[in-house]
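What follows is the residue order along each chain.
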Amino acid sequence: MNVSDSERVATRLVSDGFEITANEAAADIILINTCSVREKAEHKLYTRVGQIRKSEKENNFSKKQIVGVLGCVAQLEGETLFAGRNEIDFVLGTTAVGRVSEAIEKVLGGQKNYFDLGMREESYDWSVAENQRHSPFVAFVPIIEGCNKFCTYCIVPFSRGREKSLAASEIIRQVLNLRRQGVREVHLIGQNVNSYRPPTDSGLENFRGATPFSRLLRAVAATGIERIKFNTSFPRDFHPDIVDAICENENLCNWVHLPVQSGSNNVLKAMRRGHTIENYLEKIDKIKSASKKLALTTDIIIGFPNESDKDFQDTLKMADYCKFDSAYIFKYSPRQGTPAFAMTDNVSEAVKTERFLELEKLIRLNQRGIFESYLDKTVEVLAEKVSNKNDSELSGHTTCQKVVNFKGSAEILGKIVKVKITETKTNTLYGEIYI
Ligand code: 5AD
Ligand code: SF4
């Protein structure tokens, strides 16, 4: 979501006459887009601002660079980011980013400590200019912003506000437009995509489905764009019809990201997730028994307050049952302002580390089995970029969201090619183009 926000901010700035530079030292204005989900978000921000100011001094810049802070830390901390430091020039909240040029104008006009934490304007433009996308072939399309779920550990409902869905007709218009521009793969994004609830039926009239989200999936599939992925899904609202929609449409990709967070009902209850482990496993059974082979990924938090050894064993059991293609594991980190902040963070760092490593080991083991099952098989890969490590290699994703590296030249970038898998490593498949 933050990458997508940055793309839209850059689009807006360019259309208002600003120029984007990759050279930080040459910039008149530096914008920092922040995340506050985990770890020491403010600390990271201050370190970064400190570096900018230090390099200004070292290089004897004639003019101070303007530093603006965007994103979740901006929304949560607001004015307090100015306190006593005189290092940050303006602060723009998560729903105020459409007014980035206005904020800059204010600062250029001499206004000190300018901040805007206001609402998103009705006329906000969600589209991204072609040259501001993170990839020429893959595009993010926000379909819902914010979150109403208030899981007790999570800052997102406070930093991103309540759920607000975009009109389906607008989403479809964007996807058609992206398709015309040569985009092969769209990711429908939002904190909880399957809680999608648009203000009207506009754009969905001709599509059936048990929920507005599964209707939207069918509507986006009908645009004919080659690949459609979506994340993140919320287990409680994950209707089996989503799996049916995926199985009916070739271009709905073979991947579901469904964060479970814990395998223990005690912990899930304390997290106020709204699902039990039994509910979750039912959804997993539906996904695993689908007619298409669907990859399954998840997020898990270990060390939530009062998580006992038995709770953790339940998480291991759940992970072993689910056989995730991959999982993001996070150590619980208390976030000020969330309900769980009042609970004692009573799982020691040492135990968190121990549990983290044990869970990671189990997930890696299962993952290895899944990855090895691809050996000698042929998969379709969207050639997205030249590999970071090797100029003669390209890198891309399968429909099941596996990263695949293979030998190939830049001319085939943007094409979907058949690759025969010859080797596997943690999180990556390697192969050769198969003709
Ligand atoms: N501590 C640790 N992990 C967290 N996440 C969200 N809030 C916290 C927190 N306070 C994780 C969840 C979520 C992912 C995006 O970040 O697993 O799914
Ligand atoms: Fe956070 Fe829960 Fe909302 Fe996900 S569903 S963004 S974890 S509050």
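The structure presented is a predicted model; accordingly, all values stated were derived computationally and were not measured.

Reading the values: rules and limits
- Residues numbered from 1 in each chain as written.
- Chains lettered and ligands numbered in written order.
- Predicted model: local features only at pLDDT ≥ 70, side-chain atom pairs only at ≥ 80, totals over all residues.
- Heavy atoms only, no water.
- Salt bridge = Lys/Arg side-chain N within 4 Å of Asp/Glu carboxyl O.
- Helix = DSSP H or I, 4+ residues; strand = E, 2+ residues; numbered from the N terminus.
- Buried < 20%, exposed > 50% of the residue type's maximum accessible area, 1.4 Å probe, protein only.
- Pairing = 2+ DSSP bridges.
- Axes fitted to C-alpha atoms, helices over the stretch in contact; angles between N-to-C directions.
- Near = heavy atom within 4 Å.
- Polar contact = N/O pair within 3.5 Å; in protein donor to acceptor, adjacent residues only side chain to side chain.
- Areas by Shrake-Rupley, 256 points an atom, 1.4 Å probe, with all protein chains shown as cover.
- Nonpolar A, V, L, I, M, F, W, Y, C, P; charged D, E, K, R; others polar.
- Phe/Tyr/Trp six-rings, centres within 6.5 Å; stacked < 30°, edge-to-face > 60°.
- Contact = heavy atoms within 4.5 Å.

A. Molecular detail of the pattern of salt bridges. Summed over all chains, the structure comprises 34 salt bridges. A salt bridge links Lys149 to Asp237, with the shortest nitrogen-to-oxygen separation between them at 3.8 Å. Residue Lys149 is located in the loop between β6 (144-145) and α5 (156-160), and its partner Asp237 is located in the loop between β9 (227-231) and α8 (240-248); the two are separated by 88 residues in the primary sequence. Classification of Asp237 by relative accessible area gives partly exposed; the value is 22%. What you see here is one network of salt bridges that share partners, running through Arg53, Glu56, Lys64 and Asp89.

B. Representation of the sheet that holds β9 in the model. One open sheet holds the three strands; their spatial order is β5-β8-β9, and the pairing between them is parallel. Two strands in the sheet have a free side with no partner beyond their single neighbour: β5 (138-142) and β9. Averaged over all adjacent pairs, the angle separating strand axes in this sheet is 25 degrees, with direction ignored. Pairing between β5 and strand β8 (residues 185-189): five bridges, direction parallel. Directly across from Pro142, in β8, lies its bridge partner Ile189.

C. Main features of the site of ligand 1. Residues in close proximity to ligand 1 include Val37, Arg38, Tyr153, Gln261, Asp299, Ile301, Phe330, Lys331, Tyr332, Ser333 and Arg335, which together make up its full environment. Take Tyr153: an N or O atom from its main chain is 3.0 Å from a nitrogen atom of ligand 1. Separating an oxygen atom of ligand 1 from a side-chain N or O atom of Gln261 is a distance of 2.7 Å. Here ligand 1, which alone exposes 410 Å², has 87% of that area covered by the protein. Counting only elements with at least two residues in the shell around ligand 1, the list comes to β11 (295-302) and β12 (326-331). When the residues that make up the shell around ligand 1 are grouped by side-chain class, the tally is five nonpolar, two polar and four charged.

D. Structural detail: the packing of aromatic side chains. Counted according to the given criterion, the structure contains six aromatic pairs. Here Phe213 and Phe230 contribute two aromatic rings whose centre-to-centre distance is 5.2 Å and whose plane-to-plane angle is 75 degrees, an arrangement assigned as edge-to-face. Taken together, the residues Phe213 in helix α7 (residues 212-221) and Phe230 in strand β9 connect sequence positions 17 residues apart. With a relative accessible area of 0%, Phe213 lands in the buried category. You can call Phe230 buried: its relative accessible area is 2%. Their ring planes at 70 degrees and their centres at 5.2 Å tell us that Phe304 and Tyr332 sit as a pair that is edge-to-face. With a gap of 28 residues between them, Phe304 in the loop between β11 and α11 (309-322) and Tyr332 in the loop between β12 and α12 (349-372) connect regions that are remote in the sequence.

E. Broad picture of the side chain of Asp325. Note on placement: Asp325 falls in the loop between α11 and β12. Accessibility expressed as a relative area gives 7% for Asp325, which makes it buried. Apart from the residues lying within four places of it in its own chain, the contact partners of Asp325 are Ala295, Leu296, Thr297, Gln367, Ile370, Phe371 and Lys402.

F. A look at the site of ligand 2. The environment of ligand 2 is made up of Cys147, Lys149, Phe150, Cys151, Tyr153, Cys154, Val156, Pro157, Gln191, Asn192, Phe234 and Arg273. Tallied by class, the residues present in the shell around ligand 2 amount to eight nonpolar, two polar and two charged.

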